[in-house]
Amino acid sequence: MIFRRLLAALGAIALSLPAIPAQAQEGLSFDAYLQLLMARARAEGVGEGTLQRMTAGLAPNYRVIELDRGQPGAPTSTGYPPLAPYIASHVDAARIRGGRDARASWSGSLRAIEREYGVPSEVLVAIWGHETAYGAVKGGFDLSQALATLAWEGRRRELFSSEWVALMKVADKGYSRGELKGSWAGAFGNPQFLPSVYLRLATDGNGDGRADIMNNGADALASIANYFRDAGWRTGQPWGVRAYLPSGFDVAAHRTRIVAPVCSRVHERHSVYRSVAEWRALGVQPQRALDENTLVTLFQPDGPGTPAWLLTSNYRVILEYNCSNYYAMSVGLLADEIAN
């Protein structure tokens, strides 16, 4: 799905071209390994013509290996960067204006998509804006080359070999190699789906029989909506609302002790879940209407005296798209600005 933020950060680092990785040196040559990938794709029904056009002249891309191996390690247990500067740079006037323009331009499609999937149009547009600046920045890596390179390199071979085969299945639907460009890690199109996610959740938003997330905004927005519905979005419930905390309220005393199996670093910063009524009894007041029985978690990312939010289960759905509080908060806040 989303690798653009990581790609932008890594792209600013000047790195020298690495030697061929040890995993590749000790195994097959790239050409020999590519034959194994092609055989697997054939066995899974990919046509020969597709395989030939998607592999013509294919050679490893060492820049892709650089980027993959250069990813930062796990952060320490303290010292989270503040949220406010991130929000200021990601929920800025240009992105808000672009989101409002996109929402207006695609209003007809968005009304139909919202009726079918139950996800608010402003949330769909906010995801689109964060992923590809409303379609302006979709990535320029040859996906066949990038995924084949990462599979051959071997550090996460099964992941990337499976995604390469999935990409061949996408190409087999009639998309050209030139259309199938994206991030170094395989995400592509307006919503930056991985090929396997495309096969599972991409959908036709304009009724022409194709799910063209690369070129068609209606298809991209419908596919994001389908992703959110699949992840459990609850219609009619906001992602979260600002909350007023009484003076001296100790947020840390309510922090969850449950270790999340996925995205543990994200969820460890949230409180236990309580109903809105239970939070009210503790003096925490939502600043927008929320049903008293709605279960919410309290989040005050920048410490005492700074803004706090009550987050619903729909916030967790945004985290399914990108496991980062910074990302999910900026999507939610951008959506609010687009709607307002």
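Here goes a summary of the coordinates provided. (Residues numbered from 1 in each chain as written. Predicted model: local features only at pLDDT ≥ 70, side-chain atom pairs only at ≥ 80, totals over all residues. Heavy atoms only, no water.)

The next thing to look at is the packing of helix α7 (residues 93–105) against helix α17 (residues 325–339). Axis separation between α7 and α17 bottoms out at 9 Å; the angle between their running directions is 60°. Taken together, the axes of α7 and α17 lie oblique to each other. As α7 packs across α17, the resulting crossing turns out to be right-handed. On α17, the residues that touch Arg95, Ile96, Gly99, Arg100 and Arg103 of α7 are Leu334, Glu337, Ile338 and Ala339. Here the contact of α7 with α17 is composed, by residue class, of four nonpolar, one polar and four charged. (Axes fitted to C-alpha atoms, helices over the stretch in contact; angles between N-to-C directions. Helix = DSSP H or I, 4+ residues; strand = E, 2+ residues; numbered from the N terminus. Parallel < 35°, antiparallel > 145°, perpendicular 65-115°, else oblique. Left-handed = near helix turned anticlockwise from the far one by under 90°. Contact = heavy atoms within 4.5 Å. Nonpolar A, V, L, I, M, F, W, Y, C, P; charged D, E, K, R; others polar.)

Okay, helix α4 (residues 48–55) next. Every α-helix carries 3.6 residues per turn, so stepping three or four residues along brings you back to the same face. Residues Thr50, Leu51, Met54 and Thr55 constitute the buried set of α4. For α4, the angular spread of buried residues about the axis comes to 110°, placing them on one side. Buried residues along α4 sit against α3 (30–43), α10 (143–153) and α11 (157–171). Trailing α4 by a residue or two, Gly57 shows a phi angle of about 70°, which is positive. (Buried < 20%, exposed > 50% of the residue type's maximum accessible area, 1.4 Å probe, protein only. Arc of directions from axis to C-beta.)

Once that is clear, we can look at the pattern of salt bridges. Tallying each qualifying case throughout the model produces 14 salt bridges. Residue Lys169 is joined to Glu44 by a salt bridge in which the shortest nitrogen-to-oxygen separation is 2.7 Å. On the criterion of sequence distance, the pair formed by Lys169 in helix α11 and Glu44 in the loop between α3 and α4 is long-range, its members being 125 residues apart. Measuring nitrogen to oxygen at the nearest pair gives 2.9 Å for the salt bridge that ties Arg69 to Glu153. Of the two residues, Arg69 sits in helix α5 (residues 62–69) while Glu153 sits in helix α10, which places them 84 residues apart along the sequence. Classification of Arg69 by relative accessible area gives partly exposed; the value is 45%. Relative accessible area serves as the criterion here: at 1%, Glu153 is assigned to the buried category. Sharing partners across several salt bridges, the network here consists of Arg40, Glu44, Glu158 and Lys169. (Salt bridge = Lys/Arg side-chain N within 4 Å of Asp/Glu carboxyl O.)

A few words on the pairing of strand β3 (residues 240–244). Both β3 and strand β7 (residues 308–311) contribute to a ladder of four bridges, which runs antiparallel. Opposite Arg242, over in β7, you have Trp309 as the bridge partner. Across two bridges, the pairing between β3 and strand β5 (residues 285–286) is antiparallel. Bridge pairing in β5 places Tyr244 opposite Gln285. (Pairing = 2+ DSSP bridges.)

A complete count under the given rule lists one disulfide for this structure. A sulfur-sulfur distance of 1.7 Å marks the disulfide that ties Cys263 to Cys323. Of the two residues, Cys263 is situated in the loop between β3 and α14 (264–267) and Cys323 in the loop between α16 (313–321) and α17; the sequence distance between them amounts to 60 residues. (Disulfide = S-S within 2.5 Å.)

What follows covers unusual backbone geometry. As a rule of thumb, non-glycine residues mostly have phi less than zero, and peptide bonds are mostly trans rather than cis. One non-glycine residue, Ala133, lies in positive phi territory at about 50°. Positionally, Ala133 belongs in the loop between α9 (121–132) and β1 (141–142). Even without a glycine there, the phi angle at Gln192 is positive, about 55°. For Gln192, the position within the fold is in the loop between β2 (181–182) and α12 (195–201).

Quick look at the sheet that holds β7 now. Taking strand neighbours across the sheet as the criterion, the five strands line up as β4-β6-β7-β3-β5 in an open arrangement whose pairing is antiparallel. In this open sheet, the two strands that pair with only one neighbour each are β4 (273–275) and β5.

Counting residues in each nonpolar core, the largest one holds 85 residues, and the members touching the most others are Trp164, Leu180, Phe228, Trp239 and Met329. Top element by residues in this core is α17. It accounts for nine residues. With near-sequence residues (within four places) excluded, Met329 lies in contact with Leu83, Ile87, Trp239, Phe299, Trp309, Leu311 and Tyr315. Ranked by size, the runner-up nonpolar core spans 13 residues in total, among them Leu245, Val251, Val284 and Leu290. (Core = buried A, V, L, I, M, F, W, Y, C linked by side-chain atoms within 4.5 Å.)

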